[in-house]
Amino acid sequence: MKILLSLLIGLTSTYAMDKTICGPSDDRVPSSVKEIGRLLDSRTGTGGCTLTMISDNCGISAGHCRSVLYIAEFNTPESMNGSIQHSKPEDVYEIDQSTIEYRNGGPGDDWAVFKVKANDITGKSAGAAQGYYNVSFDEPTIGTPLSITGYGLDRNEPTKNLAQQTHDGALASIGDGGWYGRSESVLGHTVDTMGGNSGSTIINVETGSIVGIHTHGGCSARGGNNQGTLIAKHSNLMRAIRSCLDSDK
């Protein structure tokens, strides 16, 4: 089992980008948020990234997850011996490749917006069947409580590995810590994440709306911040989101 888990960790390293736990313990807990799904490179994929529906047909994730922007599965089971278990066929959707707009420019400039095709069996769109979150274009204040749900690695509990988990934290900084690219739109936060959480939306707990996209690490047992792209500070991301939402009306 340890060998299998090590292999899965290696396979997911492309999307890990050093996502990290903030503080001495991993405080993520299993969740079942219908609007948030797992991204794979195929229907038999072994792990990838996270997406969130923002309308009947529009979804968002991270730009560095481009290689797994093919299949989205929702209502995922827990893993078995560290290996992901796939969703029922009626909860699996294809990403419309012709609609993908993305940027992989490092913290503060790492995002993807796209449309998700209707399910082959039910004929329903992902947003209609699973629900979706609203997006906020307003800048949150430092200290705002945040929540991140996604499909990160779990080295300690195989049933949770690359299965959906969630954790709450706080907005720690804005416009600080960008490696390159758009430093003004870097969002720093203290929510526990791991590789596979790439593309998870950063949700304002007070409003229930999406304010950013989680992309990179930076936490340690002694503190620090993980990082993402703040929507309100990124004009191209706001334009792409609005364009997708407008075409969905």
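Data block above holds the structure.
The structure displayed is predicted, hence computed values, not measured ones.

### Some thoughts on the overall build of the protein chain
Then, number 1: A count of helices and strands for the protein chain gives four helices and 15 strands.
Then, number 2: For the protein chain, the residues scored as buried account for 55% of the 249 residues in total.
Then, number 3: In the protein chain, of all internal contacts separated by at least 6 residues, the share reaching a separation of at least 24 is 70%.

### Quick look at the pattern of salt bridges
Then, number 1: Under the defined criterion, the tally for this structure stands at eleven salt bridges.
Then, number 2: For R28, the salt bridge is made with D26, and the minimal N-O distance between the two is 2.7 Å.
Then, number 3: Taking the shortest distance from any N to any O, the salt bridge between E101 and R239 comes out at 2.4 Å. Taken together, the positions of E101 in strand β6 (residues 92-104) and R239 in helix α4 (residues 235-247) put the pair 138 residues apart, joining distant regions of the chain.
Then, number 4: Classification of E101 by relative accessible area gives partly exposed; the value is 28%.
Then, number 5: Note on R239: relative accessible area 40%, which makes it partly exposed.
Then, number 6: Members of the salt-bridge network, linked through shared partners, are R43, E94, K117 and D120.

### Let's talk about the state of the cysteines
Then, number 1: Tallied over the full model, the rule gives three disulfides.
Then, number 2: Disulfide pairing places C49 opposite C65 at an S-S distance of 2.1 Å. On the S-S bond that ties C49 to C65, the torsion sits near -85 degrees, and the link is left-handed. Here C49 is found in strand β3 (residues 49-53), whereas its partner C65 is found in the loop between β4 (58-61) and β5 (71-73), with 16 residues between them in sequence.
Then, number 3: Taking relative accessible area as the criterion, C49 reaches 0% and is therefore assigned buried.
Then, number 4: Note on cysteine connectivity: C58 is disulfide-linked to C244, with sulfurs 2.1 Å apart. Its torsion about the S-S bond being -105 degrees, the disulfide of C58 and C244 is classed as left-handed. With a gap of 186 residues between them, C58 in strand β4 and C244 in helix α4 connect regions that are remote in the sequence. The same class applies to C58 and to C244, which are both buried.

### Let's talk about the sheet that holds strand β2 (residues 36-40)
Then, number 1: Reading around the barrel, the six strands line up as β2-β3-β4-β7-β6-β5 and close back on themselves, with antiparallel pairing between neighbours. With strand direction ignored, the average angle separating the axes of adjacent strands in the sheet is 40 degrees.
Then, number 2: Across three bridges, the pairing between β2 and β5 is antiparallel. Residue pairing across strands places R38 opposite E73, the latter belonging to β5.
Then, number 3: Packing against the sheet, α4 makes contact with β4, β6 and β7 (110-116), and its axis sits at approximately 5 degrees to β7.

### So, the environment of H234
Then, number 1: The topology assignment puts H234 in the loop between β15 (226-230) and α4.
Then, number 2: Of the residues examined, H234 reaches a relative accessible area of 1% and is grouped as buried.
Then, number 3: Distance from H234 to F137, taken between C-alpha atoms, is 9.5 Å for residues 97 residues apart in sequence.
Then, number 4: At a separation of 3.1 Å, a polar atom in the side chain of H234 contacts the main-chain amide nitrogen of L237.

Rules used in this analysis
- Residues numbered from 1 in each chain as written.
- Predicted model: local features only at pLDDT ≥ 70, side-chain atom pairs only at ≥ 80, totals over all residues.
- Heavy atoms only, no water.
- Helix = DSSP H or I, 4+ residues; strand = E, 2+ residues; numbered from the N terminus.
- Buried < 20%, exposed > 50% of the residue type's maximum accessible area, 1.4 Å probe, protein only.
- Contact = heavy atoms within 4.5 Å.
- Salt bridge = Lys/Arg side-chain N within 4 Å of Asp/Glu carboxyl O.
- Disulfide = S-S within 2.5 Å.
- Pairing = 2+ DSSP bridges.
- Axes fitted to C-alpha atoms, helices over the stretch in contact; angles between N-to-C directions.
- Polar contact = N/O pair within 3.5 Å; in protein donor to acceptor, adjacent residues only side chain to side chain.

These results come straight from atomic positions and should not be treated as a statement about function.
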